[in-house]
Structure formats: structure tokens, C-alpha cells
Amino acid sequence: MNRILTALQPSGILHIGNLFGAIEPMVGLQSDENENLLFAVDYHAITVPQKPAELRRNILFATATYLAVGIDPTKTILFQQSRVSEHTELAWILNCIAHMGELERMTQFKDKSQGNDLSVSVGLFDYPVLMASDILLYDTNVVPVGADQKQHVELARDLAERFNNRFGETFVVPTPQIRKEGARIMGLDDPEKKMSKSATSEKNYISIMDDEATVLKKIKSAVTDSQSTIMYDEKRKGLANLLTIYSLVTNTHVNQIASEYEGKGYGDFKVGLAEAISDYLTPLQEKIKGYLANEDELINILDQGAQRAKAIASKKMEVVRQKIGVQL
Ligand code: ADP
Ligand code: TRP
């Protein structure tokens with residue numbers, strides 16, 4: 001049996017990059033042969049300031065979204081990170097074997113701390129260690145993530161190997177699984193950088209809750225180039241990104257989409273793309289709203305998930321405590 005695990009920060013906005021890079025692959029991996037875990041990393045979220053009422057709403061929103069996309073809580077252990085205290089307990093132990101130097105090299109930390117070095121939280125620096133603990137606690141084999149998270153999974157591998165060398169075989173060394181197509185959806189306003197909810201402009205991303213008019217407006221303003229043909233060419237980054245998105249929402253190959261736009265220009269292409277995105281998002285949005293209307297049920301699903309996760313995590317922590325010598 002393969003154990004497959006991934007997690008997402010509960011934030012008010014989930015964009016189509018998150019959807020295709022992280023959530024959907026998890027739906028595709030649900031099967032009787034795998035044991036899947038998916039959770040909202042609320043303790044990662046608080047590495048930057050959060051308003052409590054908003055954080056609560058966002059945890060529920062994230063859960064509703066996973067369910068709407070097709071996560072089945074009988075097949076996937078769906079829960080909230082903070083409800084399984086073993087995550088932070090193991091993070092402390094891993095902190096004591098992680099090196100300052102390797103955390104200083106993490107590109108996400110460098111990006112996110114730029115310009116405000118002194119007021120950045122210790123939690124943000126330590127974020128990858130908590131993530132390693134999320135992964136190692138469950139003897140995870142495979143970690144599906146977007147390309148930007150690969151470095152963090154590699155740190156988890158390094159920490160697992162270091163721990164195993166020092167204290168004897170304890171952790172499974174996990175493998176990152178990076179989705180090829182759509183693994184990295186680029187920003188609409190800047191196809192050199194990945195689509196991100198922390199981008200300065202809302203025109204950077206399509207939120208999964210964007211309505212038709214907003215989608216059309218954002219796609220119309222997406223950066224492309226001055227050429228007139230619609231064809232897939234990696235060098236034409238803006239267009240290649242839009243074609244990738246088109247392909248993902250319609251489940252059609254990029255070349256076929258390009259051939260449908262032969263002889264047509266960006267105007268038609270963008271209108272078609274915006275429509276295809278909305279056709280994909282509208283039913284999803286209805287489902288999300290349906291789940292959010294029944295908070296008690298969502299909380300109940302998360303409670304049950306936490307109990308199942310805790311059963312695995314608490315056993316693992318007993319072993320870890322024994323290995324490091326604190327278990328008397
Ligand atoms: P953001 O950069 O928008 O804050 P997160 O860092 O919270 O997104 O990422 C959540 C998950 O979504 C991760 O697994 C990440 O790899 C994936 N992801 C984020 N942005 C993209 C993107 N532009 N394309 C594909 N996957 C992405
Ligand atoms: N750092 C990941 C992100 O921003 C979220 C995350 C936390 C995660 N713990 C994890 C992803 C464990 C995979 C496995 O996307």
C-alpha cells in the first residue's frame with residue numbers, strides 16, 4: 001500500500017493553479033490501493049498574520065472546495081493540521097536536526113521574507129520543518145505538489161535520512177510527485193512568474209470563485225505577445241500558459257485547441273478561453289456553496305478525519321520518542 005499525502009494552506013483564495021497543481025491530482029490518486037491524506041495546514045497559515053474569524057472561514061472554505069472537487073472522505077483522510085498535535089511535536093524534534101544553512105537556502109523563504117528581514121516570523125523560517133513533519137509523521141511514500149514545493153519535499157527527504165542515520169531506520173523517505181502539465185500555471189499578468197494568490201494584482205490569477213464577468217475581464221487583460229497566430233510554443237510564454245489552462249479546463253490537448261483557432265486571433269481565443277473557464281468553474285462554485293451552507297457537516301467530516309490521522313500519528317510519535325531516548 002502506498003501512502004500519498006498532500007496539504008494546502010487554508011486561504012480565502014484558491015486559484016486555478018492550486019486547483020490543477022495540487023487539489024485535482026489528489027482526486028485522481030484516490031483508489032483502494034492507496035491510502036490518501038489531505039489536510040488544511042492552518043499552522044502553516046499563521047506564519048504570516050491572520051485574522052481569526054477569517055482563518056476559521058478559510059478552513060471551512062478549503063474543506064468545502066476539496067469535497068466539491070471530488071475528494072471522498074471515506075477514501076481520503078481529510079482533516080485540519082492543528083487538530084493533530086503530533087505535527088508540531090515532531091516539528092520540534094526535527095528542528096533539532098535541521099541546519100540553519102539548509103533553511104536559509106529555501107527559495108520560498110527568501111521570496112517571502114524579501115525586504116522585511118527583521119520582522120519576519122520565526123515560524124516562516126521554520127515552515128519547511130513543520131512541512132517535513134507533516135510528511136514524515138505518516139510514513140508517506142508520495143507527495144504530490146506543484147513544482148515550487150519540490151525543494152521543501154527534498155528537505156523532508158534529507159531530514160528523514162539524517163534521522164534514520166542517527167537513530168536507526170524510522171522514517172520512510174518520501175518522493176515528490178510533480179504534475180507535468182499544468183504543474184506550474186503562470187501569472188496572467190506576468191507569465192515569467194507562477195500564478196500566486198500573494199501576487200500584487202488580482203489580475204495575476206483566476207480565483208475558483210471568480211464569476212463569468214471577472215474571468216472574462218482577467219483573461220482579456222492577460223499578457224500575451226504581438227504575434228497573431230494561436231499555436232503552442234513554449235517560447236511564447238503568455239500564450240503557452242493560456243493554452244495550458246484551456247487544455248486543463250476542457251480536458252483537450254493544447255494542439256487540438258490551437259488548431260480550432262487557426263486563422264483566428266487573440267480576441268476570439270480569449271473569449272473562448274474565458275467561456276471554457278467559466279463553464280468549468282460554475283458547477284464547482286455551486287457545489288462549494290452547497291457544502292458551506294452546512295457547516296456542522298463540514299466540521300463533522302473534519303473531526304472524523306482528525307481521529308483517523310491521530311491514530312496513525314500518535315503511534316509514530318511513540319516510536320520517535322523511543323528512538324531519541326526520551327521515552328522512559
Ligand atoms: P500561492 O503561491 O498561491 O500562495 P500556495 O503556496 O499556497 O499557493 O500553494 C498551494 C499548492 O498549490 C501547492 O501545492 C503549490 O505547489 C500549488 N500551486 C501554487 N501555485 C501554483 C501554480 N501557479 N501552478 C501550479 N500549482 C501551484
Ligand atoms: N507548503 C505547502 C504549500 O504551500 C503546503 C504543505 C504543508 C504541504 N505541509 C505539506 C504540502 C505537506 C505537501 C505535504 O503548498
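Summarised in this report is the structure supplied together with it. (Residues numbered from 1 in each chain as written. Chains lettered and ligands numbered in written order. Predicted model: local features only at pLDDT ≥ 70, side-chain atom pairs only at ≥ 80, totals over all residues. Heavy atoms only, no water.)

Thoughts on the site of ligand 1
(1) Moving on: Near ligand 1, the surroundings consist of 17 residues, among which H15, D148, I185, K194 and K197 are the closest.
(2) Moving on: Within the backbone of I185, one N or O atom sits 2.7 Å away from a nitrogen atom of ligand 1.
(3) Moving on: In the environment of ligand 1, an oxygen atom lies 2.4 Å from a nitrogen or oxygen atom belonging to the side chain of K194.
(4) Moving on: Here ligand 1 loses 95% of its free accessible area of 530 Å² to cover by the protein chains.
(5) Moving on: In terms of residue count, the dominant contributor to the shell around ligand 1 is helix 1 (residues 16–28) (four residues).
(6) Moving on: Classifying every residue of the shell around ligand 1 gives five nonpolar, eight polar and four charged. (Near = heavy atom within 4 Å. Polar contact = N/O pair within 3.5 Å; in protein donor to acceptor, adjacent residues only side chain to side chain. Areas by Shrake-Rupley, 256 points an atom, 1.4 Å probe, with all protein chains shown as cover. Helix = DSSP H or I, 4+ residues; strand = E, 2+ residues; numbered from the N terminus. Nonpolar A, V, L, I, M, F, W, Y, C, P; charged D, E, K, R; others polar.)

Things to note about the environment of F163
(1) Moving on: When you line up the elements, F163 lands in helix 8 (residues 150–167).
(2) Moving on: Residue classification places F163 among the buried residues on the basis of a relative accessible area of 0%.
(3) Moving on: Sequence spacing of F163 and I93 is 70 residues, and the spatial spacing of their C-alpha atoms is 9.8 Å.
(4) Moving on: Contacts of F163, omitting those with residues within four sequence positions, involve I93, I97, G168, T170, F171, V320, K323 and I324. (Buried < 20%, exposed > 50% of the residue type's maximum accessible area, 1.4 Å probe, protein only. Contact = heavy atoms within 4.5 Å.)

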